[in-house]
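The residues making up each chain are set out below.
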Amino acid sequence: VQFVESGGGLVQPGGSLRLSCAASGFTFSRYDMTWYRQVPGKERELVAAITSIGGVTNYGDSVKGRFTISRDNAKNTVYLQMNSLKPEDTAVYYCNRRWSILSWGQGTLVTVPS
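In this text, all values refer to a predicted model and were calculated from it rather than measured experimentally.

## Points about the pattern of salt bridges
One pass over the structure, following the stated rule, counts four salt bridges. Glu45 is paired through a salt bridge with Arg37; the nearest N and O atoms lie 2.9 Å apart. Across the pair Asp89 and Arg66 runs a salt bridge, and its minimum N-O distance is 2.7 Å. You can see Asp89 sitting in the loop between strand 8 (77-82) and strand 9 (91-97) and its partner Arg66 sitting in the loop between strand 6 (57-59) and strand 7 (67-72), a full 23 residues away along the chain. One exposure class covers both Asp89 and Arg66, and it is buried. Taken together, the shared-partner salt bridges in this structure form one network comprising Arg37, Glu45, Arg66 and Asp89.

Below you can see the structure in the form of structure tokens.
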């Protein structure tokens, strides 16, 4: 089982990034998926979630209206489009299953300077 997150980087406030997470080792299309983020010294925070066929999405209050989660079950990949980025969005972003969480990937670092 593996999650490979990519797409992070340094972006100025107000900018955009699109994160990708390629999953393998399980039947991706059967599982709800989630993006999380973590700042060193703080707990991991749920950012966005999407149901197995993509019909329902949920977002953390801090990202509602700015971030969009989507998925491509043919590519076993979940995405996070991040717009209007703020310094407080700076974190390492991870994906995982919504329920029955598996081992974490390396994550991808997003840095938005103040």
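## Some points on the sheet that holds strand 5 (residues 45-50)
Strands sit in the order 2-10-9-4-5-6 across an open sheet of six strands; the sheet is mixed. The sheet is open, and its two edges are formed by strand 2 (9-10) and strand 6, each paired on a single side. Taken together, the six bridges between strand 4 (residues 33-38) and strand 9 define a ladder with antiparallel strand orientation. Considered in strand 9, the bridge of Gln38 is made with Val92.

## Describing the state of the cysteines
Evaluation of the coordinates by the stated rule reveals one disulfide. Put simply, Cys21 and Cys95 are joined by a disulfide, and their sulfur atoms are 1.7 Å apart. A residue pair is termed long-range when its members are at least 10 positions apart, and Cys21 in strand 3 (residues 17-24) and Cys95 in strand 9 qualify at 74 residues. Here Cys21 falls in the buried class, since its relative accessible area comes to 0%. Residue classification places Cys95 among the buried residues on the basis of a relative accessible area of 0%.

## What about the side chain of Thr108?
Of note, Thr108 is situated in strand 10 (residues 108-111). For Thr108, a relative accessible area of 9% puts it in the buried group. At 2.9 Å, the side chain of Thr108 forms a polar contact with the backbone nitrogen of Gly8. Discounting residues that sit within four places of it in the chain, Thr108 has contacts with Glu5, Ser6, Gly7, Gly8, Leu19, Ala91, Val92 and Tyr93.

The rules we used
- Residues numbered from 1 in each chain as written.
- Predicted model: local features only at pLDDT ≥ 70, side-chain atom pairs only at ≥ 80, totals over all residues.
- Heavy atoms only, no water.
- Salt bridge = Lys/Arg side-chain N within 4 Å of Asp/Glu carboxyl O.
- Helix = DSSP H or I, 4+ residues; strand = E, 2+ residues; numbered from the N terminus.
- Buried < 20%, exposed > 50% of the residue type's maximum accessible area, 1.4 Å probe, protein only.
- Pairing = 2+ DSSP bridges.
- Disulfide = S-S within 2.5 Å.
- Polar contact = N/O pair within 3.5 Å; in protein donor to acceptor, adjacent residues only side chain to side chain.
- Contact = heavy atoms within 4.5 Å.

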